[in-house]
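What the coordinates show
Listed below, chain by chain, are the residues.
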Amino acid sequence: MADKKRDALKIITLGNSLVGKSKLMERYLMDEYKPHQDSTYALTLHEREVEIDGTMVSIDYWDTAGQERFDNMHPSYYHGAHCCILVFDVTNPATYLQLSQWYQELRTYCADIPCLCAANKIDADPKMTKKKYTFPIKHDLPLYFVSASDGTNVVKLFQDAERAANEYKNAVPTDVYRNVLELLKDDDGFDLNDDDDDDDDDDDL
Ligand SMILES: Nc1nc2c(ncn2[C@@H]2O[C@H](COP(=O)(O)OP(=O)(O)OP(=O)(O)O)[C@@H](O)[C@H]2O)c(=O)[nH]1
Ligand SMILES: [Mg+2]
């Protein structure tokens, strides 16, 4: 069990209080949405097993709360994260403006994890999906128009986050392996495709 825990992917959410972070998780993980609920006061950890490309993967979803009230998160919230879902509320421009601060804090602790941006509550004001949001463009973040209330795009958002987290986790060894192959290929004395059986004595030594 302990080994399994250490291997779990960690996905965090960030964004102002009341943007719908907990409701989005509730919609995805429980496929339900109860309209009235207080802010999250403590850390909530949801564990889930999913299949990604034929392999079962454990995911820990971290949800915490009241960010507006505390202005920033404890570093341990970010520690070891593999992906972040950054949420704002399309009906509340202040939550959009605050994204850059959340993003800056994220990058302080997690320099290169994938980050997805979620524009929530589109059910409340569908025309907001027509607006151009420069923040995600500027930072090259994929943007998802979602509604925890009616479920629009929620599964897509979370499945993409799971996939991105998994790719991020597996990227390091893959890159190292690729770099080694590149180095070997660049080395004139070592041809990966050389099936010459060295009968040829013309080779300079
Ligand atoms: N119309 C609408 N309301 C939503 C949606 N998602 C969340 N809400 C409402 O917004 C309020 C806040 O939702 P939460 O999920 O508790 O927000 P939170 O970001 O977790 O807030 P904190 O825990 O304080 O950080 C609740 O009253 C929800 O019912 C949505 O997609 N559409
Ligand atoms: Mg919450």
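Report on the accompanying structure. (Residues numbered from 1 in each chain as written. Chains lettered and ligands numbered in written order. Predicted model: local features only at pLDDT ≥ 70, side-chain atom pairs only at ≥ 80, totals over all residues. Heavy atoms only, no water.)

**Comments concerning the environment of Y77**
Quick note on the threshold: In this text, helices come from DSSP runs of H or I with a minimum length of four residues, and strands from runs of E with a minimum of two, each type numbered from the N-terminal end. Each residue is assigned to one of three classes by its accessible area relative to the maximum for its type, calculated with a 1.4 Å probe on protein chains only: buried under 20%, partly exposed between the two thresholds, exposed over 50%. In what follows, residue pairs with any heavy atoms lying within 4.5 Å of each other are defined as contacts. Polar contacts, as used here, are pairs of N or O atoms within 3.5 Å; protein pairs need one atom able to donate a hydrogen and one able to accept it. Residues neighboring in sequence count only if both atoms are side-chain atoms.
Turning to its location among the elements, Y77 is positioned in helix α4 (residues 75-78). Classification of Y77 by relative accessible area gives buried; the value is 4%. Sequence separation between Y77 and T64 is 13 residues, and the spatial gap between their C-alpha atoms is 8.5 Å. Those residues in contact with Y77 that lie beyond four places of it in its chain are K10, I12, T13, L14, L43, W62, D63 and T64. Within polar-contact distance, the side chain of Y77 engages the backbone oxygen of T13 at 2.7 Å.

**Focus: the environment of A119**
Mapped onto the fold, A119 is located in strand β5 (residues 115-120). The class of A119 is buried, set by a relative accessible area of 0%. Once the C-alpha coordinates of A119 and V19 are considered, the two residues, 100 residues apart in sequence, prove to be 9.0 Å apart. When neighbours within four sequence positions are excluded, A119 is seen to be in contact with F88, V90, L143, Y144, F145 and V146.

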